[in-house]
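Coordinate inspection notes
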Amino acid sequence: EVQLVESGGGLVQPGGSLRLSCAASGFTFTSYEMNWVRQAPGKGLEWVSYISSSGETMYYADSVRGRFTISRDNAKNSLYLQTNSLRAEDTAVYYCAREYSWNALDIWGQGTMVTVSS
Amino acid sequence: DIQMTQSPSSLSASVGDRVTITCRASQSISSYLNWYQQKPGKAPKLLIYAASTLQSGVPSRFSGSGSGTGFTLTITSLQPEDFATYYCQQSFSTLYTFGQGTKLEIK
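Residues numbered from 1 in each chain as written. Chains lettered and ligands numbered in written order. Predicted model: local features only at pLDDT ≥ 70, side-chain atom pairs only at ≥ 80, totals over all residues. Heavy atoms only, no water.

On to the state of the cysteines. Counted according to the given criterion, the structure contains two disulfides over all chains. The partner cysteine of Cys22 of chain A in its disulfide is Cys96 of chain A, sulfur to sulfur 2.0 Å. One disulfide, between Cys22 of chain A and Cys96 of chain A, carries an S-S torsion of 65 degrees and so falls in the right-handed class. Separated by 74 residues along the polypeptide, Cys22 of chain A in strand β3 (residues 18–25) and Cys96 of chain A in strand β9 (residues 92–99) bring together distant segments of the chain. Disulfide pairing is shown between Cys23 of chain B and Cys88 of chain B; the S-S distance is 2.1 Å. The sign of the S-S torsion, about 65 degrees, decides the handedness of the disulfide formed by Cys23 of chain B and Cys88 of chain B: right-handed. Of this pair, Cys23 of chain B sits in strand β3 (residues 19–25) while Cys88 of chain B sits in strand β9 (residues 85–90), and the two are 65 residues apart along the sequence. What makes Cys23 of chain B buried here is its relative accessible area of 0%. By relative accessible area, which is 0% here, Cys88 of chain B ends up buried. (Disulfide = S-S within 2.5 Å. Helix = DSSP H or I, 4+ residues; strand = E, 2+ residues; numbered from the N terminus. Buried < 20%, exposed > 50% of the residue type's maximum accessible area, 1.4 Å probe, protein only.)

Structure (structure tokens):
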């Protein structure tokens, strides 16, 4: 079964850090570009970051550039999002998603909740 | 960044109705437009990609059209399981953006 499972969310104080992980299974991870998308409570979807299949190319939304870092370990079939200098407005469910044809996101994880609060 | 604007923001309809949701891009995105369905507490589900290509396993009552800056998602003969929130997303630029969502509710 094709599956993405996120982990690493939790409660963190403003200015703190978290490392989110996404474990992929059921497909050839090395062949796919990957993304992180987040959703604040009661709000819409916000694209956060992209990484190429090789890990050499990354893009970030303006709202997180300079604070978040996307990476992957193809040997471990895993995707990561290092989140630093967290703010209250970063509170959201964070989803990892596989990129498909025409850059659509066809497989999504169940999400991991990040809460930034003192 | 490319801005995506959906309309309406919410919509009430009945089982069996036909509904149309519109998505407009702030600049041309060719056919790099995708539609997702999200139910409460669940991850989004890809319905349509490349503006009009139905994702595998998605019922044929869903259809998409458009190119450039104007796009539509149409659902014919609404079923109870279709009541959800729908998002468009442009994947033309390197910085992807979503529309604000359209909540489809039961009348």
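Now that the structure has been shown, we can carry on.
Next up on the list: the side chain of Ser52 of chain A. Residue and element names in this part refer to chain A. With respect to the element layout, Ser52 can be found in the loop between β5 (45–51) and β6 (58–60). Polar side-chain contacts of Ser52 include one of 3.2 Å to the backbone nitrogen of Glu56. Every residue in contact with Ser52, bar those within four places of it in the chain, is listed here: Glu33, Thr57 and Arg72. (Polar contact = N/O pair within 3.5 Å; in protein donor to acceptor, adjacent residues only side chain to side chain. Contact = heavy atoms within 4.5 Å.)

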